[in-house]
Amino acid sequence: MPQPLLSARHITRRFGGLTAIDDVSLDLKRGAVHAVIGTNGAGKSTLVSVLAGELAPHAGTIFLRDQDVTAWPQPRRARAGMGRSYQRTTIFPSLTVHENCRIAAQARHQHFWHWHIAARNCRSSNEAADHALALAGLDSARSRVAGLLSHGGKRQLEIAMSLATSPDVLLLDEPLAGMGAEETGRMLELMASLKADHAVLLIEHDMDAVFRISDEITVMVNGTVIAHGDPQTIRDDAQVQAAYLGEDDA
Ligand SMILES: Nc1ncnc2c1ncn2[C@@H]1O[C@H](COP(=O)(O)OP(=O)(O)OP(=O)(O)O)[C@@H](O)[C@H]1O
């Protein structure tokens, strides 16, 4: 069994009187897609934000490899190898696809005393952007204006921007939202190809996609984990069926 790249232990996060996530633990391993599913408001996005370092937990510990990163802010976690994509697209629409990736790459590849160097002259950022575009299958679109890409293309670019920071861990928040069947198929192929070198956390409402792509699934209801296991275990779990999966999904 490979050691987890990321381990979250007993994470709790409250918003005022609401406990959005309550004592949640999970592991992300290289070579595996770990999906977190649950009804609206179950706490999935909050969990991603806590793992990424955008929200501090009220309790619990997060380890990246063997290092306790619980107190690290988001930029430090990103430099240490955590990449994330967001529910809403966060690209720079007037820049080209390559420029978007190059800017993302600078966050990890450029030393702080090099910020005065124009991004286009920074070789390591350019190389990281090239590599990310190749991984994400966007090589041929490198010179296109990002805002003119299809919806699926923009989501693909978001993942490429995340890859440009050379992450080991990828936190993907609803990467398939709003996609048609063809775009979904392409994105699932991309995820399958990325998991060899990455630990992938997938938040997704498309259950067909989740059950096709995932190696492990964690099910959340009202901030707590009610089940965890491989897709077949989750399909067969009576509590999951009652709480979440409809008859069509189970
Ligand atoms: N910044 C915030 N302030 C107050 N409450 C919040 C905040 N962010 C999330 N919540 C609440 O925490 C709970 C969990 O929200 P979260 O967005 O994590 O759920 P989710 O499972 O990602 O839902 P969805 O599938 O709809 O995206 C919800 O009740 C939500 O209203």
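Criteria and thresholds
- Residues numbered from 1 in each chain as written.
- Predicted model: local features only at pLDDT ≥ 70, side-chain atom pairs only at ≥ 80, totals over all residues.
- Heavy atoms only, no water.
- Pairing = 2+ DSSP bridges.
- Helix = DSSP H or I, 4+ residues; strand = E, 2+ residues; numbered from the N terminus.
- Axes fitted to C-alpha atoms, helices over the stretch in contact; angles between N-to-C directions.
- Contact = heavy atoms within 4.5 Å.
- 1 Å grid on protein atoms, 1.4 Å probe; cavity = no way out; pocket = protein on both sides within 12 Å on 5 of 7 lines; lining within 4 Å.
- Points joined across faces, edges and corners; volume = space filled by probe spheres on them.
- Nonpolar A, V, L, I, M, F, W, Y, C, P; charged D, E, K, R; others polar.
- Domains from an automatic or database assignment.
- Buried area = accessible area lost by both parts, 1.4 Å probe.

In the nomenclature of an unreviewed UniProt entry, the protein chain corresponds to ABC transporter ATP-binding protein from the organism Allopusillimonas soli.

Glancing now at the sheet that holds strand β9 (residues 216-221). Strand order in the open sheet made by the 6 strands is β6-β7-β8-β3-β9-β10, with mixed pairing throughout. Each end of this open sheet is capped by a strand with a single partner; those strands are β6 (82-85) and β10 (224-229). Strand-to-strand twist of the sheet, defined as the mean angle between neighbouring strand axes without regard to direction, takes the value 15°. Relative to β9, strand β3 (residues 32-38) runs parallel, the two being bridged by 5 bridges. Bridge assignment links V36 to a residue of β9, and that residue is T218. Those strands touched by helix α1 (residues 44-52) are β3, β6, β7 (169-173), β8 (199-203) and β9, and its axis lies near 150° from that of β6. Its contacts with the sheet place helix α5 (residues 151-163) against β6 and β7, and it is angled at close to 155° to β7.

Strands sit in the order β2-β1-β4-β5 across an open sheet of 4 strands; the sheet is antiparallel. This sheet does not close on itself; its edge strands, each paired only once, are β2 (18-28) and β5 (67-68). Relative to β2, strand β1 (residues 6-15) runs antiparallel, the two being bridged by 7 bridges. Across the sheet, the residue bridging to I11 is V24, located in β2. Lying over the sheet, α1 contacts β1, β2 and β4 (59-64), oriented at roughly 60° with respect to β2.

In this model, the largest pocket occupies a volume close to 490 Å³. As for the largest pocket, its lining consists of 23 residues, and the residues nearest its centre are Q74, R84, A104, A107 and T165. Among the secondary structure elements, those contributing two or more residues to the lining of the largest pocket are α2 (74-79), β6, α3 (97-109) and α5. A breakdown of the residues in the lining of the largest pocket according to their chemical character gives 11 nonpolar, 7 polar and 5 charged. Looking at the lining of the largest pocket, you find at least three residues from each of domain 1 (1-81 + 168-250) and domain 2 (94-166).

A separate point is the domain arrangement of the protein chain. When its domains are assigned, the protein chain resolves into domain 1 (1-81 + 168-250) and domain 2 (94-166). The gap between the C-alpha centroids of domain 1 and domain 2 is 25 Å. Across the boundary between the two partners, domain 1 contributes 19 residues, which contact 14 residues of domain 2. Together, the buried faces of domain 1 and domain 2 total about 1200 Å²; carbon and sulfur atoms form 61% of this surface.

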